[in-house]
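If you want the building blocks of each chain, they are given just below.
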Amino acid sequence: MLNIKRSYAGLGVRVTAFALDYIIIAGYLLFIVALGIVLNTFFPAVAHRLFSNPLSGQITGFLMITLPVSLYFITFESSAWQATWGKQKKSLIVTRTDGSRLTILRAISRTLLKFIPWELSHTCIWQISFAQQEPSQIIIVGFVLVWILVGVNLISLWISPTHQTLYDWIANTYVMVKE
């Protein structure tokens, strides 16, 4: 087990760590955009089939973006490092209450909970992009729910003595500063 001091990571260092992780995510997204350009240029029928309606677009987007990004967090946070690259750079670890590393199931549940707002916003965007008229009330409610979840996570991170977000609290995990 790692020797850790009981110092919980606050908003600033967590945002910085995520920004560093986003460098990797952005590189992957650039690759996906380039792949999409190639696909659309040389295989337009395939591209049309993948993105021609909200359901196929949502599934394709999930498989190509959300799932790989989620696997990045799950794999690294349940590894011996207990941290993604960004968290490693900021000397942070994701841990259970006793400092032990996350099981794969706990890392999956934490990541799923963390990315609910992200995936919900993607779903709403896909619905808007195919809407023939003004967005329906359900889409507006979906976006409001996204912002409520983001707000609750930020507020809980800010007011909790252990700096836990709602998803950390539900998954019983902590982001701590390594000694």
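All chains use their own residue numbering, which begins from 1 and follows the written sequence. Totals for whole chains, interfaces and linings use every residue, but because this is a predicted model, local features are given only for residues with pLDDT of at least 70 and side-chain atom pairs only at 80 or more, for both listing and counting. The side-chain values count all of the structure's non-hydrogen atoms but skip hydrogen atoms and water molecules.

1. Re the overall build of the chain
Note on conventions: DSSP H or I runs of at least 4 residues are helices, E runs of at least 2 residues are strands, and numbering of each starts at the N terminus. The secondary structure content of the chain amounts to eight helices and three strands. Here the C-alpha coordinates of the chain stretch approximately 55 × 35 × 25 Å along the principal axes. Contact criterion: two residues are considered in contact whenever any of their non-hydrogen atoms come within 4.5 Å of each other. For the chain, the share of sequence-separated contacts (at least 6 apart) that also reach a separation of at least 24 residues comes to 68%. Here the open area of atoms and residues is found with the Shrake-Rupley method and a 1.4 Å probe, where only the protein chains shown may cover a residue. Total accessible area computed for the chain in this model is approximately 10,500 Å², and 72% of it derives from carbon and sulfur atoms. Across the chain, the 13 positively charged side chains and the 7 negatively charged ones have centroids separated by 7 Å. Note on charges: Lys and Arg go in the positive column, Asp and Glu in the negative column, and His and the chain ends are not counted at all. By convention, the point assigned to a charge is CZ for Arg, NZ for Lys, CD for Glu and CG for Asp.

2. Some remarks on the nonpolar core
The nonpolar side chains of a soluble globular protein tend to be buried with one another. Among the nonpolar cores identified, the biggest contains eight residues, and these are Ala9, Ala17, Ile74, Leu92, Val94, Leu102, Ala107 and Val175. Beyond its immediate stretch of four places on either side in the chain, alanine 17 contacts Gly86, Lys87, Lys90 and Leu92. Grouped together as the second largest cluster of nonpolar side chains are five residues, Val69, Tyr72, Phe73 and Phe115 included. The term nonpolar core refers to a set of buried residues drawn from Ala, Val, Leu, Ile, Met, Phe, Trp, Tyr and Cys, joined through side-chain atoms within 4.5 Å. Only protein chains enter the calculation, and the probe is 1.4 Å; a residue is then buried if its accessible area is under 20% of its type maximum, exposed if over 50%, and partly exposed in between.

3. Considering the packing of aromatic side chains
We call Phe, Tyr and Trp rings a pair once their centres come within 6.5 Å, taking the six-membered ring for Trp, and we label the pair stacked below 30 degrees between planes, edge-to-face above 60, and tilted otherwise. Scanning all chains against the criterion turns up ten aromatic pairs. When the ring of phenylalanine 73 is compared with that of phenylalanine 115, the centres are 5.5 Å apart and the planes differ by 65°; the resulting orientation is edge-to-face. Within this pair, whereas phenylalanine 73 is found in helix 3 (residues 54-77), its partner phenylalanine 115 is found in the loop between helix 5 (104-114) and helix 6 (116-129), the two being separated by 42 residues in sequence. Taken as a pair, phenylalanine 73 and phenylalanine 115 share a single burial class, namely buried. Look at phenylalanine 76 and tryptophan 81: their rings are 5.7 Å apart centre to centre, the planes differ by 15°, and that puts the pair in the stacked class. These aromatic residues form a ring-pair network of at least three members: Phe18, Tyr22, Tyr72, Phe73, Phe76, Trp81, Phe115 and Trp118.

4. What to know about the packing of helix 1 (residues 11-42) against helix 3
Axis definition: a line fitted to C-alpha atoms, over the contacting stretch in the case of helices. Angles run 0 to 180 degrees between N-to-C directions. The contact between helix 1 and helix 3 brings their axes to 11 Å, and the two run at 145°. In this structure, the crossing between helix 1 and helix 3 has a hand that is right-handed. Packed against helix 1, whose contacting residues are Phe18, Asp21, Ile24, Ile25, Tyr28, Leu29, Ile32 and Leu35, the element helix 3 presents Met64, Ile65, Pro68, Val69, Tyr72 and Phe73 at the interface. We call a crossing left-handed when the near helix sits turned anticlockwise from the far one by less than a right angle, and right-handed when that turn is clockwise.

5. Describing helix 7 (residues 137-159)
Expected helix span is computed as 1.5 Å times (number of residues minus one). Taking 1.5 Å of rise per residue, the 23 residues of helix 7 would be expected to cover 33 Å, and the 32 Å separating its terminal C-alpha atoms lies within 8% of that figure. Taken residue by residue, helix 7 has Ile139, Gly142, Val146, Asn153, Ser156 and Leu157 as its buried positions.

6. Things to note about the side chain of serine 121
Position of serine 121 among the secondary structure elements: in helix 6. Exposure remark for serine 121: the relative accessible area of 14% places this residue in the buried category. A distance of 2.7 Å separates the side chain of serine 121 from the backbone oxygen of tryptophan 118, its partner in a polar contact. Setting aside its immediate chain neighbours within four residues, serine 121 contacts Phe143 and Val146. Under this definition, polar contacts are N or O atom pairs within 3.5 Å; protein pairs additionally need one hydrogen-donor-capable and one acceptor-capable atom, and for neighbouring residues in sequence, both atoms have to be side-chain atoms.

7. Regarding the pattern of salt bridges
If the charged atoms of two oppositely charged side chains come close together, the side chains can form a pair. In the sections that follow, a salt bridge refers to a side-chain nitrogen of Lys or Arg positioned within 4 Å of a carboxyl oxygen of Asp or Glu. Applying the stated criterion across every chain, the model contains five salt bridges. The closest approach of N and O atoms between glutamate 77 and lysine 114, which form a salt bridge, is 3.9 Å. Placement of the pair is glutamate 77 in helix 3 and lysine 114 in helix 5, with a sequence separation of 37 residues. Across the pair, lysine 114 and glutamate 77 agree in class, each one buried. If you follow the salt bridges from partner to partner, you end up with Arg14, Glu77, Lys87, Arg110, Lys114 and Asp168 in one network.

Read these as geometric descriptors, not functional statements.
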